[in-house]
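# Coordinate inspection notes
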Amino acid sequence: MSRFLEQEHWKRIKRFVSGWRTNIESWRKRATERLSETSIKPKLIRLFASERPPMAITHVQPPALLIMMAGTTVRQYEQAGQLGRLAASLERHAKFFRTVVLMTTDRSDYSQQFESGRVRHLRMPLPVPNGVVSLLLSAAFRFRTMRRVTSVVILDEPAAPAGWLAGRLSRSSASMSADAQWAPPRSPNVNGLRHLLVRAALRRIEQVFEWGATELPPYTPNATRVVIPSLIDSDLYCPLTTTDPAKPRTVGVFMGTESEVDARVVMGVAERLARRGQSAAIRVLMDGQGAEALAASLQAEVEERGLDVEFLTMPPVEMLPDAINQLRICVAFNDSESVQNLLRAMASGVPGIAIEPRSGSEFVEQEEPDWTYFVLRCGSSEWEIAQSIETLFREPGVRLRMAREGRRFVIANHSLEALAARESKLLLGADLLVQSIVIREPEFDAAAEAEKLAQMLELVGVTRDDLETEVEQEIAA
């Protein structure tokens, strides 16, 4: 009896399962018939049957610049009163990079002192006394931040190991900015077992930006040399008045001490100008070794010949704007220092004359050739130089245009803003040999400039009220 009941139980289960199978099959047929009658089925077939396109990149890593210093701290900049200078340089790079990260061995965070939302300072998290090792460990400790960097720049030799590690982690190039205007003093010697790690890292630096460096950074034979043009502070050499009729017609000549032939040429030019009735005083500024003795001997010869020529030694750089203020025209022979002084005069709004070399060679190689478009080029003979000087004296329109365009060229190519932009674009991979950087002069704000002048006068003990009182007394008198 029990066996019979068990067989009946299994028969009921089989009928139940077969019924469900029949129902599921009928439901499937009816769903297929409905899909064939609508447009959903072809769409589903095309969706799953067609090939999918490759995955599109929806996020691009923003450009971020990492600047590293190991031998000097931001605290030392602050103690020396140069924190504003460092902050201004970081802000210049921030114009081209989304984020600028400064990494030093400071134990304090100076991000707030930089007063820029795009400049960030990374302090040292580990109390390690050695700057080279501490910066290297700090870079390894922050490997996630290093991977987001697109360009790495070191400002001194001790930061080379950390810069190499950051470049490896971020898969970007590691560069060195040698003797930049905001860079700390470089290490003169990296020899010995103590600097073995530094020398090994310097050999792996890919490019070096030379900011007027007299000596190349050691142990960088494989690096690409990028020479930054000479810096001309356009704010220091401001536009001067060169067309005042009451002002003496003084011609400034920048000359080195390598050859006395140029000095004899200048004497001949003075004689030719005197015979033509041109009342022009020539002031020769000599620079180089033995300039004082050579100027004294040449001055004695000038006095014997009765020429209106004065041979002087080059004043210090901080007093050079006052010397340029006395000039109407500047003349430069073809040597490195003379060309740089010519660019300083152009920044002051003084028209210039560039004397071509006698050997037929080009002008100074380290300077860009475009500067010769904004000066009057002439030969090295006495007649050609005298003719060029007389032409500028006779044509005030040409003189004014040369002064204006020359200053604009210096600002666009030799100012600190332009040089920082050049370095930033090279770090980004831009070809500056084709694309020129144009930086326009800011508009003159009379109120702002008057306020700056008032603040400068207050520092020397003269207030604005005192000035107004003196003006009222002069008017009343």
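## Some remarks on the overall build of the protein chain
Helix and strand counts for the protein chain stand at 18 helices and 13 strands. A separation threshold of at least 6 residues defines the contact pool for the protein chain, and within that pool the share at least 24 residues apart is 68%. If you sum the accessible surface of the protein chain, you get close to 27,900 Å²; carbon and sulfur atoms cover 53% of it.

## A few points about helix α4 (residues 83-94)
Compared with an ideal rise of 1.5 Å per residue, which puts twelve residues at 16 Å, α4 spans 16 Å between its outermost C-alpha atoms and is within 8% of the ideal. Of the surrounding secondary structure, the elements contacted by the buried residues of α4 are β1 (64-68), α3 (74-79), β2 (99-103), α5 (111-114), β3 (119-122) and α16 (416-428).

## Quick notes on the nonpolar core
The biggest cluster of nonpolar side chains holds 34 residues, and the ones touching the most others in it are Ile 282, Phe 311 and Ile 389. Where this core is concerned, the elements lending two or more residues are β8 (250-256), α10 (261-275), β9 (281-287), α11 (291-305), β10 (309-313), β11 (329-332), β12 (352-355) and α14 (382-394). Of the residues forming this core, the biggest block, seven residues, is contributed by α10. Apart from residues lying up to four places away in sequence, Ile 282 is in contact with Val 251, Val 253, Val 266, Val 269, Ala 270, Leu 273, Asp 308, Val 309 and Glu 310.

## Observations regarding the confidence of the model for the protein chain
With 75% of its residues at a pLDDT of 70 or more, the protein chain shows a mean pLDDT of 77. Overall, residues 55-60 carries pLDDT values under 50, and its contacts beyond four positions in sequence, including any with other chains, amount to zero contacts.

## Looking at empty space enclosed by the protein
In the structure shown here, the tally under the stated rule is two cavities of 30 Å³ or more. A volume near 50 Å³ is recorded for the largest cavity. Lining of the largest cavity is provided by Val 253, Val 266, Val 269, Ile 282, Val 331, Phe 333, Ile 355, Ile 385 and Ile 389. For the lining of the largest cavity, the secondary-structure elements that each account for two or more residues are α10 and α14. Taken together, the residues of the lining of the largest cavity sort by class into nine nonpolar, no polar and no charged. Every residue along the wall of the second largest cavity is listed here: Leu 65, Ile 67, His 93, Val 153, Leu 155, Ser 177, Trp 182, Glu 423 and Leu 427. Elements with a contribution of two residues or more to the lining of the second largest cavity: β1 and α16.

## Describing the pattern of salt bridges
Tallying each qualifying case throughout the model produces twelve salt bridges. Between Glu 417 and Arg 92 there is a salt bridge, with its nearest N and O atoms 3.4 Å apart. With Glu 417 in helix α16 and Arg 92 in helix α4, the pair connects residues that are 325 residues apart, well separated along the chain. A salt bridge links Arg 404 to Glu 405, with the shortest nitrogen-to-oxygen separation between them at 3.2 Å. Arg 404 gets classed as partly exposed once you look at its relative accessible area, which sits at 46%. Each of Arg 264, Glu 271, Glu 301 and Arg 305 takes part in one network of salt bridges that share partners.

## Remarks on the packing of α14 against helix α15 (residues 396-414)
Close contact between α14 and α15 brings their axes to 5 Å; oriented N to C, the two are set at 95°. Between α14 and α15, the interaxial angle falls into the category roughly perpendicular. Residue-level inspection shows Leu 392, Phe 393 and Arg 394 of α14 in contact with α15, the latter providing Pro 396, Val 398, Arg 399 and Met 402. The class makeup of the residues in the contact of α14 with α15 is five nonpolar, no polar and two charged.

## Some words on unusual backbone geometry
You will see that Arg 171, though not glycine, has its phi angle at about 60°, which is positive. Locating Arg 171 in the fold gives a position in the loop between α8 (160-170) and β5 (174-178). Note on Arg 171: relative accessible area 81%, which makes it exposed. Non-glycine residue Asp 179 carries a positive phi angle of around 60°.

## Examining helix α6 (residues 131-141)
For α6, the complete set of buried residues consists of Gly 131, Val 132, Ser 134, Leu 135, Ser 138 and Ala 139. Packing partners of the buried residues in α6 comprise β1, β2, α7 (143-147), α8 and α9 (196-202).

Rules and cut-offs
Residues numbered from 1 in each chain as written. Predicted model: local features only at pLDDT ≥ 70, side-chain atom pairs only at ≥ 80, totals over all residues. Heavy atoms only, no water. Helix = DSSP H or I, 4+ residues; strand = E, 2+ residues; numbered from the N terminus. Contact = heavy atoms within 4.5 Å. Areas by Shrake-Rupley, 256 points an atom, 1.4 Å probe, with all protein chains shown as cover. Expected span 1.5 Å × (residues − 1). Core = buried A, V, L, I, M, F, W, Y, C linked by side-chain atoms within 4.5 Å. Buried < 20%, exposed > 50% of the residue type's maximum accessible area, 1.4 Å probe, protein only. pLDDT = per-residue confidence, 0-100. 1 Å grid on protein atoms, 1.4 Å probe; cavity = no way out; pocket = protein on both sides within 12 Å on 5 of 7 lines; lining within 4 Å. Points joined across faces, edges and corners; volume = space filled by probe spheres on them. Nonpolar A, V, L, I, M, F, W, Y, C, P; charged D, E, K, R; others polar. Salt bridge = Lys/Arg side-chain N within 4 Å of Asp/Glu carboxyl O. Axes fitted to C-alpha atoms, helices over the stretch in contact; angles between N-to-C directions. Parallel < 35°, antiparallel > 145°, perpendicular 65-115°, else oblique.

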